[in-house]
Amino acid sequence: MLVQNDFFDLYVKEEDVVIDLKKTGYPLKSFDMMTNQNPRIKIASFPALRKALTEIGNGHKVGYYLPLIEVIVQPDHMKAEVVINMTISEFQSEKHRLLPLIGKSLQDCGVVFGVIDLAVDDLYPGIAIEAAVGREPEKGEDAKITYIEKPEKKPVIREDGLADYYEMNFVTHVEEGDWLGDKIPPTDGKPGKDIFGNIVAAMRGSDVNLRYDRKSVVEVEEQKKFVLRALFGGALEFVDDIVSVGKHLIINGDVGPETGSITFDGAITVYGTVMSGYSVNATGDISIEGNEGITNAKEICSSEGDIYIKGGVFGGDNSLIEASGDIYIKHANNCRLFAKNIYVGSYILGSEVVGDTVMVDKERGRIIGGRIEALFRIECAFAGNVHERTTHLYAKGIDKDLIYLEIQQMVLELKEIQKNTLHLETQLSLFDNGLSNQLHGEQADAYDKLHKTLQAGRDKMFELDREIQVGLYKIKTAKPPQIEVSKEAYPGVIIQIGSKTSLLNNTTKGVFEVVDKILNV
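Let me begin by describing the structure that accompanies this report. (Residues numbered from 1 in each chain as written. Predicted model: local features only at pLDDT ≥ 70, side-chain atom pairs only at ≥ 80, totals over all residues. Heavy atoms only, no water.)

## Quick look at the environment of Gly 192
To be explicit about the condition: By definition, any uninterrupted DSSP run of H or I lasting at least four residues is a helix, any uninterrupted run of E lasting at least two residues is a strand, and each is numbered from the N terminus. Throughout, a residue-residue contact means that at least one pair of heavy atoms, one from each residue, lies within 4.5 Å.
Structurally, Gly 192 is set in strand E14 (residues 192-193). Separated by 312 residues in sequence, Gly 192 and Leu 504 place their C-alpha atoms 79 Å apart. Beyond its immediate sequence surroundings of up to four residues, Gly 192 is in contact with Arg 135, Glu 136, Pro 137, Asn 198, Ile 199 and Val 200.

## A look at the sheet that holds strand E6 (residues 69-73)
Which entries qualify depends on this criterion: Strand pairing is assigned whenever DSSP detects at least two bridges linking the two strands. To get an axis, a line is fitted to the C-alpha atoms, and for a helix only the part in contact is used. The angle between two axes follows their N-to-C directions and goes from 0 to 180 degrees.
Pairing is antiparallel in the open sheet, where three strands are placed in the order E6-E7-E8. On the outer flanks of this sheet lie E6 and strand E8 (128-133), each paired with one strand and no other. When strand polarity is set aside, the average angle formed by the axes of neighbouring strands in this sheet is 30°. Here five bridges tie E6 to strand E7 (residues 79-84), and the two strands are oriented antiparallel to one another. Each residue of the ladder has a partner; that of Ile 72, found in E7, is Glu 81.

## Description of unusual backbone geometry
Where we set the bar: Residue burial is assigned from relative accessible area. The probe radius is 1.4 Å, only protein chains are included, and a residue is buried under 20% of its type maximum, exposed over 50%, and partly exposed in between.
Phi at His 77 is positive, roughly 60°, even though this residue is not glycine. With respect to the secondary-structure elements, His 77 resides in the loop between E6 and E7. Given the relative accessible area of 33%, His 77 is considered partly exposed. Even without being a glycine, Asp 516 presents a positive backbone phi close to 55°. Along the chain, Asp 516 falls in the loop between strand E41 (514-515) and strand E42 (518-519).

## Brief notes about the pattern of salt bridges
Put simply, the test is: Salt bridges are identified by distance alone: a Lys or Arg side-chain nitrogen within 4 Å of an Asp or Glu carboxyl oxygen.
Counted according to the given criterion, the structure contains 20 salt bridges. Note that Glu 130 and Lys 79 form a salt bridge whose closest N and O atoms lie 3.7 Å from each other. Placement of the pair is Glu 130 in strand E8 and Lys 79 in strand E7, with a sequence separation of 51 residues. Ionic contacts of the salt-bridge type, sharing partners, join the residues Lys 362, Arg 377, Glu 379 and Glu 484 into one network.

## Let's talk about the environment of Tyr 278
Topologically, Tyr 278 is positioned in the loop between strand E22 (267-270) and strand E23 (279-282). The class for Tyr 278 is partly exposed, based on a relative accessible area of 21%. Discounting residues that sit within four places of it in the chain, Tyr 278 has contacts with Val 255, Gly 256, Pro 257, Gly 260, Ser 261, Ala 297, Lys 298 and Glu 299.

## Here's the deal with the pairing of strand E26 (residues 299-302)
Relative to E26, E23 runs parallel, the two being bridged by four bridges. The residue of E26 that forms the bridge with Ala 282 is Ser 302. Across four bridges, the pairing between E26 and strand E29 (residues 320-323) is parallel. Looking across to E29, one finds that Ile 300 is bridged to Ile 321.

## Quick look at the sheet that holds strand E19 (residues 242-246)
Pairing between the strands of a sheet comes from backbone hydrogen bonds, and it takes one of two forms, parallel or antiparallel. Pairing is antiparallel in the open sheet, where three strands are placed in the order E12-E18-E19. Edge strands, defined here as strands with exactly one partner in the open sheet, are strand E12 (173-174) and E19. Looking at chain direction, E12 and strand E18 (residues 234-239) are connected through two bridges and run antiparallel. The residue of E18 that forms the bridge with His 173 is Ala 235.

## Some words on the packing of aromatic side chains
Rule in force here: Ring pairs shown here join Phe, Tyr and Trp side chains whose ring centres sit within 6.5 Å, with only the six-membered ring taken for Trp; geometry is labelled stacked below 30 degrees between planes, edge-to-face above 60, and tilted in between. Here, a charge over a ring means that NZ of Lys or CZ of Arg falls within 6 Å of the ring centre while also lying within 35 degrees of the ring normal.
Counting across every chain of the model gives five aromatic pairs. Aromatic pair Phe 91 and Tyr 124: ring centres 6.2 Å apart, planes at 55°, arrangement tilted. Residue Phe 91 is found in helix H3 (residues 88-94), and its partner Tyr 124 is found in the loop between helix H4 (98-108) and E8; the two are separated by 33 residues along the sequence. A residue is classified by how much of its surface remains accessible, and Phe 91, at 4% relative accessible area, is buried. Three or more aromatic residues link up through ring pairs in this structure, and these residues are Phe 7, Phe 8, Tyr 26 and Phe 31. The residue whose ring lies beneath Arg 366 is Phe 382, and the NZ or CZ to ring-centre distance is 4.1 Å.

## Some thoughts on helix H1 (residues 28-36)
Here is the rule we go by: Within this analysis, the arc is defined by the directions that extend from the helix axis to the C-beta atoms.
All of the buried residues along H1 are Phe 31, Met 34 and Thr 35. Along the axis of H1, the buried positions cluster into a sector of 95°, meaning they face one direction only. Residues of H1 that are exposed and angled more than 90 degrees away from the buried face: Lys 29, Met 33 and Asn 36. On the buried face of H1, the contacting elements are strand E1 (3-4), strand E2 (8-13), strand E3 (16-21), strand E4 (41-43) and helix H2 (46-52).

## Overview of H4
Turning to H4, its buried residues number three or more, namely Leu 98, Ile 102, Ser 105 and Leu 106. Along the axis of H4, the buried positions cluster into a sector of 100°, meaning they face one direction only. Turned more than 90 degrees off the buried face of H4, the exposed positions are Pro 100, Gln 107 and Asp 108. Its buried side turned inward, H4 meets E6, E7, H3 and E8. Gly 110 sits one or two residues past H4 and shows a positive phi near 90°.

## Some thoughts on the layout of surface pockets
Put simply, the test is: Only protein atoms enter the 1 Å grid used here, on which a cavity is any set of points holding a 1.4 Å probe that cannot leave and a pocket is any open set flanked by protein within 12 Å on both sides along at least five of seven lines; residues with an atom within 4 Å of a point are listed as lining. Grid points are joined across faces, edges and corners, and a volume is the space filled by probe spheres set on the points. Lys, Arg, Asp and Glu make up the charged group, whereas Ala, Val, Leu, Ile, Met, Phe, Trp, Tyr, Cys and Pro make up the nonpolar group; the residues left over, Gly among them, are polar.
Considering only enclosed or pocket space, the second largest pocket measures out at about 370 Å³ in volume. Forming the boundary of the second largest pocket are 15 residues, of which Asp 356, Leu 375, Phe 376, Thr 477 and Lys 479 lie nearest the centre. Of all the elements in the fold, those that place two or more residues in the lining of the second largest pocket are strand E33 (352-360), strand E35 (371-383) and helix H6 (441-477). The residue makeup of the lining of the second largest pocket, split by class, is six nonpolar, four polar and five charged.

The structure is reproduced here in structure tokens:
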């Protein structure tokens, strides 16, 4: 019996707190004060208590009778807390006998591991006290991947801080069996233990796959590592961060009568020169390493890579140098250069040059004569000469309105193809439900034609979507066109930014651009 008065009997039955109500009218607030004086009474439901105090009768369950030492175990069994259900006055008189009770309560609950050695000063009534903590499992080491250093096509920076385009490690050659990377596999973790003594499994470290081209690179297990090695000699390549070995043709001398003009699916390194009238065409990078450069070669063209010509070009108004990527060159003399970005170490003389950017050394580089066209930027130290040779510098810029118009047209075309594709898919679905195998002759041919038309439509949708995204990216990342002549731009130089043109009559220098629709020359 817990409480007995004129209104009710409050008692414990097993672990439940029960009321037998004799008469109504007992204030709820008074009942709350009574339970505060007995921390072991836990009311489970106030609606149930309100009902128990208003309906005369026996056996109203209103809560639970908590143990003197309440053990609370986390759902993951990694921690146990104890709550001492006493009033402060009870605690003060009984605290010196509580430690053995806490130990026994933990033991009765099955807690056998990670028990904390508590002191009397650690105890306080009514709050959760950490009493046991399990050992957390330790995750294993993640896989560690290392690749051969990715070749960077960039000029050497001299002591004076300027770029030296005459010396570049352009094509990295690897031999068959060369190391290209490796992976140390993930390790098993260290298991933990919960407060009940059960083993808690550890997570193995995260794994990750080596990224490599399986046609040119092999993965082998060596000394508990997975090692990447070249299947054959060639040029080291990284395409979308996938390491590979491209075909690499090395010419130890000149391209000329002994070799003929060269066309090759891969990278080419020529340690000599390309003689007059001869050509080098490759899908990969082209590196012409001879100090004397090339003279009157017909063409040097890379359909998918970059071009490096250490000694420059004397073109004789014949040579064509063209790359889908970038061109790095010492000088360009009476030739044509077409690339994404064009880097020139010394000068451009009487040449036609077209790229996104054309960068000639800003401390000493010269552009004399010819026509230079860039989508975004042209820079050099000197433009034209004292003889007022006509030199046309044209920074074209991006016509955003035109690109928007092209995107709108592509969107309309894409919607029309999507509509037709949906119609074809509906038609084909009628046959694909088991009827396609029953078609013969003209019906089978028609079915195949529909499938080919559907696939062609899907391919076109993919292509259009890609072109739309490219157009949007161009608009988003477009920079205003600029021409910078850091030292001197002589009379006779034509500065053109977009549709704005100015012929220089006096020597000047600076950054030329269109500001508020006016060319600032």
